Protein chains: 2
Amino acid sequence: MASRNGSQARKREDHDTASDLEQLFGYNLKRAYIIFQTDFRKALGPDGLGPRSFALLALVVRFPNITQSELARALGIERSGLVAIVDELEGRGYLHRVAVPGDRRVQALVATTEGSSAYADALQRVRDHETELLADFTDDEKKMLAHLLQKIRLREDD
Amino acid sequence: MASRNGSQARKREDHDTASDLEQLFGYNLKRAYIIFQTDFRKALGPDGLGPRSFALLALVVRFPNITQSELARALGIERSGLVAIVDELEGRGYLHRVAVPGDRRVQALVATTEGSSAYADALQRVRDHETELLADFTDDEKKMLAHLLQKIRLREDD
DNA sequence: CTTATATTGTTTACTAGGTTAACAGGTTGG
DNA sequence: CCAACCTGTTAACCTAGTAAACAATATAAG
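Residues numbered from 1 in each chain as written. Chains lettered and ligands numbered in written order. Predicted model: local features only at pLDDT ≥ 70, side-chain atom pairs only at ≥ 80, totals over all residues. Heavy atoms only, no water.

Would you take a moment to explain the side chain of Asp20 of chain B for this structure?
Relative to the helices and strands, Asp20 of chain B is located in the loop between α1 (2–9) and α2 (25–44). Buried within the structure, Asp20 of chain B lacks any salt-bridge partner; Arg62 of chain A is the closest side chain of opposite charge, at an N-O distance of 4.0 Å. (Helix = DSSP H or I, 4+ residues; strand = E, 2+ residues; numbered from the N terminus. Buried < 20%, exposed > 50% of the residue type's maximum accessible area, 1.4 Å probe, protein only. Lys, Arg positive; Asp, Glu negative; His and termini not counted. Salt bridge = Lys/Arg side-chain N within 4 Å of Asp/Glu carboxyl O.)

Structure below.
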(Lines give C-alpha, C1' and ligand atoms only; values in the text may rest on other atoms or scores of the structure.)
Protein backbone atom coordinates (compact mmCIF):
# COMPACT_ATOMS: atom_id res chain seq x y z
CA MET A 1 0.00 0.00 0.00
CA ALA A 2 2.43 2.64 1.25
CA SER A 3 0.31 5.71 0.57
CA ARG A 4 2.19 8.87 -0.26
CA ASN A 5 3.14 11.44 2.32
CA GLY A 6 0.45 13.83 3.39
CA SER A 7 2.10 16.87 1.86
CA GLN A 8 2.32 15.00 -1.39
CA ALA A 9 -1.32 13.99 -1.60
CA ARG A 10 -2.01 15.63 -4.95
CA LYS A 11 -1.59 13.36 -7.90
CA ARG A 12 1.05 14.10 -10.53
CA GLU A 13 -1.35 13.36 -13.33
CA ASP A 14 -3.58 16.31 -12.51
CA HIS A 15 -3.83 18.95 -15.19
CA ASP A 16 -3.74 21.81 -12.74
CA THR A 17 -0.26 20.89 -11.59
CA ALA A 18 1.62 21.60 -14.82
CA SER A 19 5.29 22.52 -14.57
CA ASP A 20 6.95 25.55 -16.16
CA LEU A 21 8.15 23.20 -18.90
CA GLU A 22 4.72 23.12 -20.47
CA GLN A 23 4.94 26.85 -21.17
CA LEU A 24 8.35 26.73 -22.83
CA PHE A 25 8.50 26.61 -26.61
CA GLY A 26 11.86 24.88 -26.65
CA TYR A 27 10.65 21.99 -24.54
CA ASN A 28 7.46 21.50 -26.50
CA LEU A 29 9.37 21.75 -29.75
CA LYS A 30 11.65 19.00 -28.56
CA ARG A 31 8.83 16.70 -27.52
CA ALA A 32 7.04 17.28 -30.82
CA TYR A 33 10.23 16.59 -32.73
CA ILE A 34 10.77 13.32 -30.84
CA ILE A 35 7.25 12.20 -31.74
CA PHE A 36 7.86 12.86 -35.42
CA GLN A 37 11.29 11.28 -35.41
CA THR A 38 10.05 8.12 -33.70
CA ASP A 39 7.21 7.80 -36.16
CA PHE A 40 9.58 8.46 -39.05
CA ARG A 41 11.64 5.43 -38.08
CA LYS A 42 8.55 3.31 -37.68
CA ALA A 43 7.36 4.38 -41.13
CA LEU A 44 10.65 3.46 -42.82
CA GLY A 45 11.29 0.28 -40.87
CA PRO A 46 14.38 -1.04 -39.08
CA ASP A 47 16.42 -1.38 -42.30
CA GLY A 48 15.07 1.75 -43.89
CA LEU A 49 16.79 5.09 -44.22
CA GLY A 50 17.40 7.12 -41.09
CA PRO A 51 16.30 10.76 -40.98
CA ARG A 52 19.80 12.03 -41.76
CA SER A 53 20.32 9.72 -44.73
CA PHE A 54 16.87 10.49 -46.00
CA ALA A 55 17.48 14.23 -45.85
CA LEU A 56 20.83 13.97 -47.58
CA LEU A 57 19.46 11.71 -50.29
CA ALA A 58 16.60 14.15 -50.84
CA LEU A 59 19.08 16.87 -51.67
CA VAL A 60 21.25 14.68 -53.88
CA VAL A 61 18.20 13.56 -55.87
CA ARG A 62 17.00 17.13 -56.19
CA PHE A 63 20.40 18.67 -56.97
CA PRO A 64 22.53 16.20 -58.91
CA ASN A 65 26.28 16.85 -58.67
CA ILE A 66 25.88 18.71 -55.40
CA THR A 67 29.10 18.76 -53.38
CA GLN A 68 29.52 17.77 -49.76
CA SER A 69 30.31 21.32 -48.72
CA GLU A 70 27.09 22.53 -50.29
CA LEU A 71 25.21 19.73 -48.57
CA ALA A 72 26.69 20.66 -45.22
CA ARG A 73 25.52 24.24 -45.67
CA ALA A 74 22.05 23.17 -46.80
CA LEU A 75 21.60 20.70 -43.94
CA GLY A 76 23.13 22.96 -41.31
CA ILE A 77 25.76 20.46 -40.17
CA GLU A 78 29.55 20.21 -40.40
CA ARG A 79 31.30 18.75 -43.42
CA SER A 80 32.91 16.09 -41.27
CA GLY A 81 29.53 14.81 -40.22
CA LEU A 82 28.52 14.12 -43.78
CA VAL A 83 31.18 11.57 -44.56
CA ALA A 84 29.57 8.72 -42.65
CA ILE A 85 26.17 9.41 -44.17
CA VAL A 86 27.55 9.54 -47.69
CA ASP A 87 29.50 6.34 -47.01
CA GLU A 88 26.33 4.60 -45.88
CA LEU A 89 24.32 5.71 -48.91
CA GLU A 90 27.14 4.76 -51.25
CA GLY A 91 27.31 1.38 -49.50
CA ARG A 92 23.60 0.87 -50.17
CA GLY A 93 24.21 1.71 -53.82
CA TYR A 94 21.96 4.77 -53.64
CA LEU A 95 24.57 7.29 -54.83
CA HIS A 96 28.20 7.58 -55.85
CA ARG A 97 30.96 10.11 -55.64
CA VAL A 98 32.14 11.38 -59.00
CA ALA A 99 35.23 13.44 -59.80
CA VAL A 100 34.61 16.96 -61.06
CA PRO A 101 36.79 17.98 -64.05
CA GLY A 102 37.38 21.60 -63.06
CA ASP A 103 38.27 21.06 -59.39
CA ARG A 104 40.06 17.97 -58.16
CA ARG A 105 39.27 18.62 -54.52
CA VAL A 106 35.57 18.11 -55.07
CA GLN A 107 33.61 14.88 -55.11
CA ALA A 108 30.20 15.60 -56.59
CA LEU A 109 27.39 13.30 -55.55
CA VAL A 110 24.96 11.66 -57.94
CA ALA A 111 22.05 9.41 -57.07
CA THR A 112 21.76 6.04 -58.79
CA THR A 113 18.43 5.00 -60.30
CA GLU A 114 18.10 2.62 -57.37
CA GLY A 115 18.71 5.54 -55.03
CA SER A 116 16.14 7.71 -56.75
CA SER A 117 13.45 5.07 -56.57
CA ALA A 118 14.30 4.19 -52.97
CA TYR A 119 14.00 7.87 -52.19
CA ALA A 120 10.66 8.20 -53.97
CA ASP A 121 9.35 5.24 -52.01
CA ALA A 122 10.65 6.59 -48.70
CA LEU A 123 9.21 10.04 -49.40
CA GLN A 124 5.78 8.54 -49.93
CA ARG A 125 5.99 6.64 -46.66
CA VAL A 126 7.13 9.75 -44.81
CA ARG A 127 4.30 11.82 -46.26
CA ASP A 128 1.80 9.15 -45.29
CA HIS A 129 3.12 8.96 -41.75
CA GLU A 130 2.96 12.74 -41.39
CA THR A 131 -0.58 12.79 -42.71
CA GLU A 132 -1.54 10.24 -40.10
CA LEU A 133 0.25 12.02 -37.29
CA LEU A 134 -1.56 15.24 -38.15
CA ALA A 135 -4.91 13.57 -38.79
CA ASP A 136 -6.60 15.74 -36.16
CA PHE A 137 -5.30 18.95 -37.73
CA THR A 138 -7.39 21.05 -40.07
CA ASP A 139 -5.84 22.26 -43.30
CA ASP A 140 -5.60 25.73 -41.79
CA GLU A 141 -3.77 24.39 -38.77
CA LYS A 142 -1.31 22.51 -40.95
CA LYS A 143 -0.68 25.60 -43.04
CA MET A 144 -0.20 27.65 -39.90
CA LEU A 145 2.20 25.11 -38.41
CA ALA A 146 4.26 25.04 -41.60
CA HIS A 147 4.31 28.82 -41.67
CA LEU A 148 5.39 29.19 -38.06
CA LEU A 149 8.14 26.59 -38.30
CA GLN A 150 9.49 28.27 -41.42
CA LYS A 151 9.41 31.56 -39.61
CA ILE A 152 11.53 30.16 -36.80
CA ARG A 153 14.07 28.94 -39.35
CA LEU A 154 14.48 32.49 -40.60
CA ARG A 155 16.16 33.31 -37.28
CA GLU A 156 18.81 30.71 -38.00
CA ASP A 157 21.66 32.99 -38.98
CA ASP A 158 21.35 35.66 -36.32
CA MET B 1 18.30 47.26 -61.73
CA ALA B 2 18.00 46.61 -58.06
CA SER B 3 14.77 44.65 -58.33
CA ARG B 4 15.48 42.03 -61.01
CA ASN B 5 19.13 41.47 -60.26
CA GLY B 6 18.56 41.09 -56.56
CA SER B 7 16.06 38.29 -56.89
CA GLN B 8 18.00 36.50 -59.59
CA ALA B 9 21.13 36.54 -57.49
CA ARG B 10 19.78 34.11 -54.92
CA LYS B 11 20.33 30.64 -56.22
CA ARG B 12 19.71 27.71 -53.92
CA GLU B 13 17.45 29.51 -51.53
CA ASP B 14 14.81 30.26 -54.12
CA HIS B 15 11.40 28.71 -53.83
CA ASP B 16 11.59 27.08 -57.24
CA THR B 17 14.68 25.16 -56.24
CA ALA B 18 13.46 24.00 -52.86
CA SER B 19 13.82 20.34 -51.98
CA ASP B 20 11.01 18.15 -50.69
CA LEU B 21 12.46 18.59 -47.22
CA GLU B 22 11.07 22.09 -46.95
CA GLN B 23 7.55 20.69 -47.14
CA LEU B 24 8.04 18.05 -44.47
CA PHE B 25 6.88 18.86 -40.95
CA GLY B 26 9.37 16.50 -39.34
CA TYR B 27 12.35 18.17 -40.98
CA ASN B 28 11.22 21.69 -40.16
CA LEU B 29 10.42 20.64 -36.63
CA LYS B 30 13.94 19.33 -36.26
CA ARG B 31 15.58 22.47 -37.63
CA ALA B 32 13.42 24.64 -35.37
CA TYR B 33 14.29 22.48 -32.39
CA ILE B 34 18.02 22.76 -33.14
CA ILE B 35 17.74 26.55 -33.26
CA PHE B 36 16.06 26.64 -29.86
CA GLN B 37 18.43 24.15 -28.32
CA THR B 38 21.51 26.01 -29.55
CA ASP B 39 20.18 29.26 -28.21
CA PHE B 40 19.25 27.60 -24.93
CA ARG B 41 22.88 26.63 -24.40
CA LYS B 42 24.07 30.08 -25.33
CA ALA B 43 21.61 31.60 -22.85
CA LEU B 44 22.78 29.40 -19.97
CA GLY B 45 26.48 29.49 -20.79
CA PRO B 46 29.14 26.76 -21.01
CA ASP B 47 28.91 25.86 -17.33
CA GLY B 48 25.17 26.32 -17.10
CA LEU B 49 22.55 23.62 -16.96
CA GLY B 50 21.95 21.59 -20.09
CA PRO B 51 18.42 21.21 -21.43
CA ARG B 52 17.99 17.79 -19.82
CA SER B 53 19.19 18.87 -16.41
CA PHE B 54 17.10 22.01 -16.59
CA ALA B 55 13.96 20.04 -17.43
CA LEU B 56 14.56 17.55 -14.64
CA LEU B 57 15.27 20.27 -12.11
CA ALA B 58 12.10 22.08 -13.17
CA LEU B 59 10.06 19.05 -12.21
CA VAL B 60 11.88 18.45 -8.94
CA VAL B 61 11.36 22.07 -7.92
CA ARG B 62 7.71 21.92 -8.86
CA PHE B 63 7.03 18.49 -7.35
CA PRO B 64 9.17 17.97 -4.26
CA ASN B 65 9.71 14.30 -3.37
CA ILE B 66 9.03 13.19 -6.90
CA THR B 67 10.57 9.80 -7.66
CA GLN B 68 12.80 8.90 -10.57
CA SER B 69 10.17 6.63 -12.08
CA GLU B 70 7.67 9.45 -12.04
CA LEU B 71 10.24 11.75 -13.60
CA ALA B 72 10.95 9.26 -16.35
CA ARG B 73 7.26 9.11 -17.21
CA ALA B 74 6.89 12.89 -17.13
CA LEU B 75 9.94 13.50 -19.31
CA GLY B 76 9.22 10.67 -21.70
CA ILE B 77 12.57 8.94 -21.24
CA GLU B 78 13.75 5.69 -19.65
CA ARG B 79 14.51 5.38 -15.93
CA SER B 80 18.07 4.37 -16.70
CA GLY B 81 18.68 7.61 -18.54
CA LEU B 82 17.82 9.65 -15.48
CA VAL B 83 20.58 8.39 -13.26
CA ALA B 84 23.35 10.42 -14.88
CA ILE B 85 21.27 13.59 -14.83
CA VAL B 86 20.35 13.17 -11.18
CA ASP B 87 23.99 12.42 -10.38
CA GLU B 88 25.05 15.63 -12.08
CA LEU B 89 22.48 17.76 -10.28
CA GLU B 90 23.32 16.15 -6.98
CA GLY B 91 26.99 16.82 -7.70
CA ARG B 92 26.19 20.49 -8.24
CA GLY B 93 24.38 20.53 -4.92
CA TYR B 94 21.07 21.36 -6.56
CA LEU B 95 19.12 18.41 -5.20
CA HIS B 96 19.53 15.30 -3.10
CA ARG B 97 18.09 11.83 -2.94
CA VAL B 98 16.16 11.13 0.22
CA ALA B 99 14.89 7.83 1.54
CA VAL B 100 11.13 7.40 1.68
CA PRO B 101 9.83 5.81 4.89
CA GLY B 102 7.05 3.72 3.38
CA ASP B 103 8.99 2.24 0.46
CA ARG B 104 12.66 1.41 0.67
CA ARG B 105 13.04 1.01 -3.09
CA VAL B 106 12.35 4.65 -3.73
CA GLN B 107 14.72 7.58 -3.64
CA ALA B 108 12.62 10.74 -3.61
CA LEU B 109 14.26 13.85 -4.99
CA VAL B 110 14.25 17.22 -3.25
CA ALA B 111 15.76 20.45 -4.54
CA THR B 112 18.13 22.35 -2.26
CA THR B 113 17.64 26.08 -1.78
CA GLU B 114 20.66 26.54 -3.97
CA GLY B 115 19.00 24.35 -6.58
CA SER B 116 15.76 26.29 -6.41
CA SER B 117 17.44 29.63 -6.90
CA ALA B 118 19.69 28.32 -9.67
CA TYR B 119 16.55 27.04 -11.34
CA ALA B 120 14.73 30.36 -10.95
CA ASP B 121 17.69 32.14 -12.48
CA ALA B 122 17.95 29.67 -15.36
CA LEU B 123 14.22 29.86 -16.03
CA GLN B 124 14.42 33.61 -16.39
CA ARG B 125 17.31 33.33 -18.83
CA VAL B 126 15.45 30.72 -20.85
CA ARG B 127 12.31 32.83 -21.00
CA ASP B 128 14.34 35.84 -22.12
CA HIS B 129 16.08 33.86 -24.83
CA GLU B 130 12.75 32.52 -26.09
CA THR B 131 11.29 36.01 -26.13
CA GLU B 132 14.18 37.18 -28.22
CA LEU B 133 14.05 34.23 -30.57
CA LEU B 134 10.36 34.88 -31.18
CA ALA B 135 10.70 38.65 -31.34
CA ASP B 136 9.17 38.71 -34.83
CA PHE B 137 6.13 36.76 -33.72
CA THR B 138 2.86 38.41 -32.81
CA ASP B 139 1.09 37.35 -29.64
CA ASP B 140 -1.42 35.49 -31.76
CA GLU B 141 1.32 33.62 -33.54
CA LYS B 142 2.95 32.62 -30.28
CA LYS B 143 -0.36 31.43 -28.89
CA MET B 144 -0.99 29.49 -32.08
CA LEU B 145 2.47 27.92 -32.00
CA ALA B 146 2.02 26.86 -28.39
CA HIS B 147 -1.40 25.43 -29.21
CA LEU B 148 -0.18 23.46 -32.21
CA LEU B 149 2.83 22.00 -30.42
CA GLN B 150 0.63 20.92 -27.53
CA LYS B 151 -1.75 19.35 -30.00
CA ILE B 152 1.07 17.30 -31.49
CA ARG B 153 1.98 16.07 -28.03
CA LEU B 154 -1.50 14.70 -27.58
CA ARG B 155 -0.66 12.08 -30.24
CA GLU B 156 2.17 10.81 -28.07
CA ASP B 157 0.58 7.65 -26.72
CA ASP B 158 -1.11 6.31 -29.86
C1' DC C 1 56.45 32.27 -60.76
C1' DT C 2 56.18 31.88 -55.96
C1' DT C 3 54.31 32.27 -51.75
C1' DA C 4 50.49 32.84 -48.65
C1' DT C 5 45.75 31.84 -47.86
C1' DA C 6 41.50 29.22 -48.43
C1' DT C 7 38.67 25.29 -49.54
C1' DT C 8 37.43 20.24 -49.87
C1' DG C 9 36.95 15.89 -48.14
C1' DT C 10 38.53 13.08 -44.60
C1' DT C 11 39.98 10.88 -40.05
C1' DT C 12 40.08 10.79 -35.20
C1' DA C 13 38.64 11.87 -30.78
C1' DC C 14 35.04 13.67 -28.29
C1' DT C 15 30.25 15.14 -26.67
C1' DA C 16 25.11 14.90 -25.85
C1' DG C 17 21.37 12.33 -25.17
C1' DG C 18 19.47 8.83 -25.23
C1' DT C 19 18.10 2.91 -25.50
C1' DT C 20 18.07 -2.05 -24.06
C1' DA C 21 19.09 -5.77 -21.13
C1' DA C 22 20.33 -7.40 -16.95
C1' DC C 23 20.32 -7.21 -11.96
C1' DA C 24 19.66 -6.73 -6.73
C1' DG C 25 16.71 -5.25 -3.49
C1' DG C 26 12.00 -4.34 -2.04
C1' DT C 27 6.99 -4.71 -2.45
C1' DT C 28 2.55 -6.82 -3.27
C1' DG C 29 -1.26 -9.91 -4.92
C1' DG C 30 -2.91 -14.52 -4.95
C1' DC D 1 4.84 -18.20 1.06
C1' DC D 2 5.80 -17.51 -3.53
C1' DA D 3 5.39 -15.50 -8.04
C1' DA D 4 5.02 -11.28 -10.24
C1' DC D 5 6.07 -6.77 -10.32
C1' DC D 6 8.34 -2.18 -9.27
C1' DT D 7 12.75 0.82 -8.31
C1' DG D 8 17.08 2.46 -9.05
C1' DT D 9 21.25 1.24 -11.06
C1' DT D 10 25.05 -0.41 -14.17
C1' DA D 11 27.01 -1.77 -18.58
C1' DA D 12 27.10 -1.90 -23.30
C1' DC D 13 25.44 0.20 -27.14
C1' DC D 14 23.37 3.60 -30.59
C1' DT D 15 22.35 8.04 -33.14
C1' DA D 16 23.73 12.32 -34.35
C1' DG D 17 26.35 15.19 -34.28
C1' DT D 18 31.06 18.79 -33.11
C1' DA D 19 36.08 20.24 -33.09
C1' DA D 20 40.63 19.87 -34.51
C1' DA D 21 43.94 18.35 -37.47
C1' DC D 22 45.51 16.99 -42.15
C1' DA D 23 46.75 16.24 -47.23
C1' DA D 24 45.53 17.61 -51.60
C1' DT D 25 44.13 21.15 -54.31
C1' DA D 26 42.87 25.87 -55.75
C1' DT D 27 43.20 30.85 -55.77
C1' DA D 28 45.03 35.56 -54.71
C1' DA D 29 48.93 38.81 -53.89
C1' DG D 30 53.26 40.39 -54.57
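The structure having been displayed, the exposition proceeds.
Help me understand the protein's contact with DNA strand D in this model?
Near DNA strand D there are 24 residues, and of these Arg41, Glu78 and Arg104 of chain A together with Gln68 and Ser69 of chain B occur at the shortest range. Take the atoms of DNA strand D that sit within 4 Å of the protein: sugar and phosphate atoms are 71% of them. Here Arg41 of chain A contributes a side-chain N or O atom positioned 2.3 Å from a phosphate oxygen of DNA strand D. Residue Arg104 of chain A places a main-chain N or O atom 2.5 Å away from a phosphate oxygen belonging to DNA strand D. Of the residues contributing to the surface near DNA strand D, the split by class is four nonpolar, ten polar and ten charged. (Near = heavy atom within 4 Å. Polar contact = N/O pair within 3.5 Å; in protein donor to acceptor, adjacent residues only side chain to side chain. Nonpolar A, V, L, I, M, F, W, Y, C, P; charged D, E, K, R; others polar.)

Would you take a moment to explain helix α4 (residues 79–91) of chain A for this structure?
Residues separated by three or four positions in an α-helix point in the same direction, a consequence of the helix having 3.6 residues per turn. Residue and element names in this part refer to chain A. Taking 1.5 Å per residue, 13 residues should reach 18 Å; α4 reaches 19 Å between its end C-alpha atoms and fits that length. For α4, every residue scored as buried is listed here: Leu82, Ile85, Val86 and Leu89. Down the axis of α4, the smallest arc covering the buried residues is 105°, so these residues share one side. Exposed residues pointing more than 90 degrees away from the buried face of α4 are listed as Ser80 and Gly91. Considering only its buried residues, α4 is in contact with α2 (51–62), α3 (68–75), β1 (95–100) and β2 (103–111). (Expected span 1.5 Å × (residues − 1). Arc of directions from axis to C-beta. Contact = heavy atoms within 4.5 Å.)

Even after reading the chapter, I still don't get the pattern of salt bridges, so can you show me in this structure?
Side chains that carry opposite charge are capable of pairing whenever their charged atoms lie near each other. Across all of its chains, the model carries 18 salt bridges over all chains by this definition. A salt bridge links Arg153 of chain A to Glu22 of chain B; the nearest nitrogen and oxygen atoms lie 3.0 Å apart. With Arg153 of chain A in helix α6 (residues 139–153) and Glu22 of chain B in the loop between α1 and α2, this pair bridges two chains. Of the charged contacts in the structure, one is a salt bridge between Lys42 of chain B and Asp39 of chain B, with a shortest N-O distance of 3.4 Å. Remark: Asp39 of chain B and Lys42 of chain B occur in helix α2; sequence separation between them is three residues, near one turn of the helix. A single network of salt bridges, built from pairs that share partners, joins Asp87, Glu90 and Arg97 of chain A.

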